[in-house]
Amino acid sequence: MAPPLTAALRRHLLLPRLRSPLPPAPNDDGELTSFVRHISQASSAASSPKDALAYLLSSSFRPSPASPSLLVRALWELRRDPEAAALALRWGDECSATSGAEGTESLPAEAWHLAIWAAGRAGRFDLAWAAVRRMLRRGVLTRRAMVILMERYAAVNEVNKAVKTFDAMERFKVEADQTVFYSLLRALCKSKNIEDAEELLLTRKKFFPLTAEGFNIILDGWCNIFTDVVEVKRVWREMSNCCITPDGTSYTLMVCCFSKVGNLFDTLRLYDEMKKKGWTPGIVVYNSLVYVLTRENCMKDAKNVLSKIADEGLQPDVETYNSIIVPLCESYKLDEARKIMEDMIMKGIVPTISTYHAFLKQEGIDETLQLLKKMKEDGCGPSSDTFLMLIDKFIQLNESGNALRVWNEMRRYDLRPAYVHYMAVIQGLVKHGCVPRALEYYDEMKLNGFASDPILDKEFKTFLLANRDHWRGAGKYNLIPQRGKHFTRRTRMP
């Protein structure tokens, strides 16, 4: 019997992530702040990293950087300053090495990994490799450290360097086994280099025999990164050509992919084939069935699947109900969607922000404002993404006035507009001919410290030069409406 698919998916598909350390305890806040400030000052004041380290080693600063917990938290705080993070790591390493005889703990692997990740994330691979070599000298180099380097190279589309890092592992006395190889493939797929990952899988088959798990990584890329059905079918055929039997994870990926694009026939066909092969569908598969059946207007069948989930010993979750609510909302069947949501709440399942977003995408302005209040009452947002979605929606509907009403609502929910919110409003107002009002928001955006946009700068400059003799009233950009190339019929917004 196949293992539960939820566990299989976690084991085969989830990309390994660097977990952020826990935030410092309240009693450590002052200590951490002082520690980080001391490192930052040394990094910026010294003429070279060597001088900065010498200064830190000669200082009588306490607490010691060899404290594992403090160092890890400091590295997390310094993650946007790779040079300071590298300095903190070296300081901690030197203190740990010189105090080792006194029983001081050696640096935890998490500290090394975090410093390498921060350096790679900032594109400072020289610092990342320096940390790797230091780990090698200390005899503490791990596979995870090398995998982080591969992931960072893949994230910036340096495919060849990611592969070379994998090939260099043996020289660094770290075993490059199949688990690490699959981590490399996942990193390449996550960065949308799926073709390179597949080529690597096939060309290295002498060293790493082809398996369903390896092909599942490629399938996951085409199913979830791009959702390219043509490529998914091709990889499925390639598995057969290579005499690789699909496993439960393979079928789960295929069912989810065809469901996502609304292909009811292939979704049901693969579901039936999966069961015939002896693989037990998990909740992810049933959620996909519910979604595609609802989307294709087979509501009765969708409800039958919903009932069958309990018969299979599974528990419907919020994603199950969202799989019904979302397509109903997309089909403007809001009353049916509300009934499903009420049924979900009665069964003790709490809606998520995705549930509310499904309704918000279709509701008018009055219903939208009511839903935002409901979300707040239920402790389910709204978030900055909620407001960005709503602004974009009303701009696309040519309802700039409603977009600005949503904008004003943000402040009532203690959310500060970000750059993307300003740009959505400004570009929308310009698109609909409300250039003077857009100028006001553009000035506000720059006053709040956001960078200007060269294209908008040029457009606004042209507009202001063409209209410099037509200001009126108290408003900074309040224009007398005129007909002409650079004028709009409507210059004021409600």
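See the structure printed just above.
Below is a short write-up of the structure. Please read these numbers as outputs of a predicted model, since none were measured by experiment. Numbering of residues starts from 1 in every chain and runs along the sequence as written. Residues qualify for local features only when their pLDDT is at least 70, as the model is predicted, and side-chain atom pairs are given and counted only at 80 or more; totals for whole chains, interfaces and linings, by contrast, use all residues. Calculation of side-chain values draws on the structure's entire complement of heavy atoms; hydrogens and water are dropped beforehand.

What follows is about the overall build of the protein chain. Helix and strand counts for the protein chain come out as 26 helices and zero strands. Relative to its 494 residues, the protein chain shows a buried fraction of 49%. Residue-level accessible areas treat just the shown protein chains as cover; the underlying method is Shrake-Rupley with a 1.4 Å probe. Per element, the accessible surface of the protein chain, about 25,500 Å² overall, is 50% carbon and sulfur. Put simply, DSSP marks the helices as runs of H or I at least four residues long and the strands as runs of E at least two long, and each gets a number from the N terminus on. Working definition: with a 1.4 Å probe on protein chains only, accessible area under 20% of the residue-type maximum means buried, over 50% means exposed, and in between means partly exposed.

Helix 14 (residues 248–260) packs onto helix 12 (residues 212–226) with a crossing angle of 10° between their chain directions and a minimal axis gap of 10 Å. When the axes of helix 12 and helix 14 are compared, the pair comes out roughly parallel. Residues Asn216, Leu219, Asp220, Cys223 and Asn224 of helix 12 touch helix 14, and the partners they reach there are Thr249, Ser250, Leu253, Met254, Cys257 and Lys260. Residue polarity is assigned by list, with Asp, Glu, Lys and Arg as charged and Ala, Val, Leu, Ile, Met, Phe, Trp, Tyr, Cys and Pro as nonpolar; anything else, Gly included, falls into the polar class. Looking at side-chain class alone, the contact of helix 12 with helix 14 contains five nonpolar, four polar and two charged residues. Helix axes are fitted to C-alpha atoms over the stretch in contact, other axes to C-alpha atoms as well, and angles between N-to-C directions run from 0 to 180 degrees. By the definition adopted for this analysis, an angle is roughly parallel if under 35 degrees, roughly antiparallel if over 145, roughly perpendicular if from 65 to 115, and oblique otherwise. Contacts are assigned to residue pairs with any non-hydrogen atoms lying within 4.5 Å of each other.

What follows is about the packing of aromatic side chains. Pairing of aromatic side chains here covers Phe, Tyr and the six-membered ring of Trp, requires ring centres within 6.5 Å, and sorts the geometry by plane angle: under 30 degrees stacked, over 60 edge-to-face, intermediate tilted. Under the counting rule described, the total for this entry stands at 17 aromatic pairs. Directly above the aromatic system of Trp76 lies the positively charged group of Arg79, at a separation of 4.0 Å from the ring centroid. For a Lys NZ or an Arg CZ to count as sitting over a ring, it must be within 6 Å of the ring centre and within 35 degrees of the ring normal.

Moving on, we come to the pattern of salt bridges. If the charged atoms of two oppositely charged side chains come close together, the side chains can form a pair. In what follows, salt bridge is the name for a side-chain nitrogen of Lys or Arg lying within 4 Å of a carboxyl oxygen of Asp or Glu. Scanning the model with the defined rule gives 21 salt bridges in all. With a closest N to O distance of 2.8 Å, Asp126 and Arg124 form a salt bridge. Classification of Asp126 as partly exposed rests on a relative accessible area of 45%. Owing to a relative accessible area of 25%, Arg124 belongs among the partly exposed residues under this scheme. A cluster of three or more residues bridged by salt bridges with shared partners is formed by Asp93, Glu94, Arg134 and Arg138.

Grouping buried Ala, Val, Leu, Ile, Met, Phe, Trp, Tyr and Cys residues that are joined through side-chain atoms within 4.5 Å yields what is termed a nonpolar core. Membership of the largest hydrophobic core comes to 154 residues, with the highest contact counts inside it found for Leu75, Ile116, Phe166, Ile325, Ile426 and Phe460. Every residue in contact with Ile325, bar those within four places of it in the chain, is listed here: Ala337, Ile340, Met341, Met344, Thr355, Ala358 and Phe359.

A separate point is helix 25 (residues 435–447). When the terminal C-alpha atoms of helix 25 are compared, their 18 Å separation across 13 residues agrees well with the 18 Å that a helix rising 1.5 Å per residue should span. Those residues of helix 25 not exposed but buried are Val435, Pro436, Ala438, Leu439, Tyr441, Tyr442, Asp443 and Met445. In this structure, the buried side of helix 25 is in contact with helix 23 (400–412), helix 24 (419–431) and helix 26 (454–466). Where helix 25 terminates, the next one or two residues include Gly449, which has phi positive at roughly 95°. Expected span of a helix: the number of residues minus one, times 1.5 Å.

We now examine the environment of Phe208. For Phe208, the location among the structural elements is in the loop between helix 11 (194–203) and helix 12. For the pair Phe208 and Asp177, spaced 31 residues apart in the sequence, the C-alpha separation amounts to 8.3 Å. Once residues lying within four places of it in the same chain are set aside, the contact partners of Phe208 are Phe166, Ala176, Asp177, Gln178 and Phe181.

This next bit is on helix 5 (residues 82–98). With 17 residues, helix 5 should reach 24 Å at 1.5 Å per residue; the first-to-last C-alpha distance of 24 Å fits that figure. Burial runs high along helix 5: twelve of the 17 residues are buried. Those residues of helix 5 lying buried are Pro82, Ala84, Ala85, Ala86, Leu87, Ala88, Leu89, Trp91, Gly92, Asp93, Cys95 and Ser96.

Further remarks concern unusual backbone geometry. The peptide bond linking Gly381 to Pro382 adopts the cis configuration, its omega dihedral lying at 0°. Within the secondary structure layout, Pro382 lies in the loop between helix 21 (365–377) and helix 22 (384–396). Positive phi is not limited to glycine here, since Lys173 has a value of about 60°. Among the secondary structure elements, Lys173 is positioned in the loop between helix 9 (159–167) and helix 10 (178–190). A relative accessible area of 75% means that Lys173 is categorised as exposed. For Asn398, which is not glycine, the phi torsion reads 60° and is therefore positive. Among the structural elements, Asn398 can be located in the loop between helix 22 and helix 23.

Keep in mind that these numbers describe shape and distance, not what the molecule does.
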